[in-house]
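Chain by chain, the residues:
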Amino acid sequence: MSEQIRPRRNRTAVENTQARPILWIVIPCYNEEQVLPMTAPLFLKKLRQLEEDGRISRSSRILFVNDGSTDRTWEIIKELAGEYPEILGICQSRNRGHQNAVLAGLMEARERCDITISIDCDGQDDPDAMDEMVDKYLAGAEVVYGVRSRRETDTWFKRTTAEGFYRLMKLMGAEVVFNHADYRLISSKVLHHFADFEEVNIFLRGMVPLVGFPSDTVYYERNVRLAGESHYPLRKMIALAFNGITSLSVKPISLISGAGIGFSIIGLILMIWAIIQAILGHTVAGWTSTICIICLLGGIQLISLGVLGQYIGKTYLETKRRPRYIISARTWEKEERRWIESEKADP
Ligand code: UDP
Ligand code: MG
């Protein structure tokens, strides 16, 4: 096994002797003890089928990322890794959220493979779309986005809020692929460049397009979760949208500036009106309008301060340069150490 997972550097599919890319499937898992035993065999079946079809190398792997689960998820991953040589696992020292878990997996994988595919572990994203993803990579795309063609299986509420999320992102100047979440193929070449994006507040689906390189899309139907519950209630979706917008775009600041100009003009007109009222001796009416203006401007100023505060808060966090993930354990740690030692003894 040590032979198969040894770190590989700057190797692309073209350089690969068999011209078959090594694929690592990266799967974040947070408290998924119910769903993991159901979906792990599906991912394994898919990996083996892709190998048999000759699309990918036989050294391909599945990498489960345990995102600080409090249930038996990590135990299940370790059991799977012990049973199947294709399955590997890493464990984050605590829960850091879906985006950081995917990032941790991708950064671990990039030195050891030619391509990665990130997919949720709950069976909602159709693994069969991977065939087309790999085909599009072989045809020249460095990034292939999985896009949901239909959302019939989602509830009306989830569908409406999720689609509203993408529209809001676009309106606010954050470039994201419509109805694409985090099911995507990324080549290790793109990941090497992606590693240079050192920000702490990460929003992968908005950041990957920023790296550039040729990209393509694959459409698939979204299924219902096979077991367990979603970790993305409305509160977390709003937080994700807010994080995405403020991490990727300064459009809200421009909008505030625009609103500021608009309200200043209205204020000016009201001032002229108030002066005319005063000249005419209708001072009681003037008092009402003054109160209105104070309330209106007070509210706008507060909202503006709040949004500006978000940016200042982010700048503050970025200056700390905290590590984006800390991995506390790896299923192959012993083998890797043995390999490094043997490499030292026999360079
Ligand atoms: N997830 C994670 N860390 C978290 C929350 C979720 O790694 O803090 C994983 C989760 O196990 C799943 C994926 O992210 O594989 C998507 O989560 P979920 O299915 O709950 O979101 P939804 O599909 O409902 O948007
Ligand atoms: Mg899900």
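Treat the numbers as computed from the prediction; the structure is a model and nothing was measured.

The rules behind these values
Residues numbered from 1 in each chain as written. Chains lettered and ligands numbered in written order. Predicted model: local features only at pLDDT ≥ 70, side-chain atom pairs only at ≥ 80, totals over all residues. Heavy atoms only, no water. Salt bridge = Lys/Arg side-chain N within 4 Å of Asp/Glu carboxyl O. Buried < 20%, exposed > 50% of the residue type's maximum accessible area, 1.4 Å probe, protein only. Helix = DSSP H or I, 4+ residues; strand = E, 2+ residues; numbered from the N terminus. Near = heavy atom within 4 Å. Polar contact = N/O pair within 3.5 Å; in protein donor to acceptor, adjacent residues only side chain to side chain. Nonpolar A, V, L, I, M, F, W, Y, C, P; charged D, E, K, R; others polar. Contact = heavy atoms within 4.5 Å. Phe/Tyr/Trp six-rings, centres within 6.5 Å; stacked < 30°, edge-to-face > 60°.

A. Representation of the pattern of salt bridges. Summed over the entire model, instances satisfying the criterion amount to 17 salt bridges. Its salt-bridge partner being E79, residue R72 comes within 3.0 Å of it at the nearest N-O pair. Residue classification places E79 among the partly exposed positions, given a relative accessible area of 47%. Among the ionic pairs, E142 bridges to K189, the shortest N-O distance being 3.8 Å. One end of the pair, E142, is in the loop between α5 (129–138) and β5 (143–150); the other, K189, is in helix α7 (residues 188–194), and 47 residues separate them in sequence.

B. Structural detail: the site of ligand 1. Taken together, the neighbourhood of ligand 1 is formed by 19 residues, with E32, D67, D122, S230 and H231 sitting nearest. Contact distances for ligand 1 include 3.0 Å between an oxygen atom and a backbone N or O atom of C121. Of all the secondary-structure elements, those providing two or more residues to the shell around ligand 1 are β1 (23–29) and α4 (98–109). Classifying every residue of the shell around ligand 1 gives 6 nonpolar, 6 polar and 7 charged.

C. Representation of helix α8 (residues 204–211) within the structure. Burial runs high along α8: 6 of the 8 residues are buried. Residues L204, R205, G206, M207, V208 and V211 constitute the buried set of α8. For α8, the elements touching its buried residues are α4, β5, α6 (156–171), β6 (180–187), α7 and α9 (234–248).

D. Here's a closer look at the packing of aromatic side chains. Taken as a whole and judged by the stated rule, the model has 6 aromatic pairs. Ring plane angle 85° and centroid distance 6.4 Å describe the contact between W24 and W332, whose orientation is recorded as edge-to-face. Taken together, the positions of W24 in strand β1 and W332 in the loop between β8 (327–330) and α12 (333–345) put the pair 308 residues apart, joining distant regions of the chain. Both residues of the pair, W24 and W332, count as buried. With a centroid separation of 5.8 Å and 20° between ring planes, the pair formed by F194 and F197 is classed as stacked. With a relative accessible area of 3%, F194 lands in the buried category. Exposure remark for F197: the relative accessible area of 22% places this residue in the partly exposed category. Members of the aromatic cluster, joined through ring pairs, are F165, Y166, F178 and F203.

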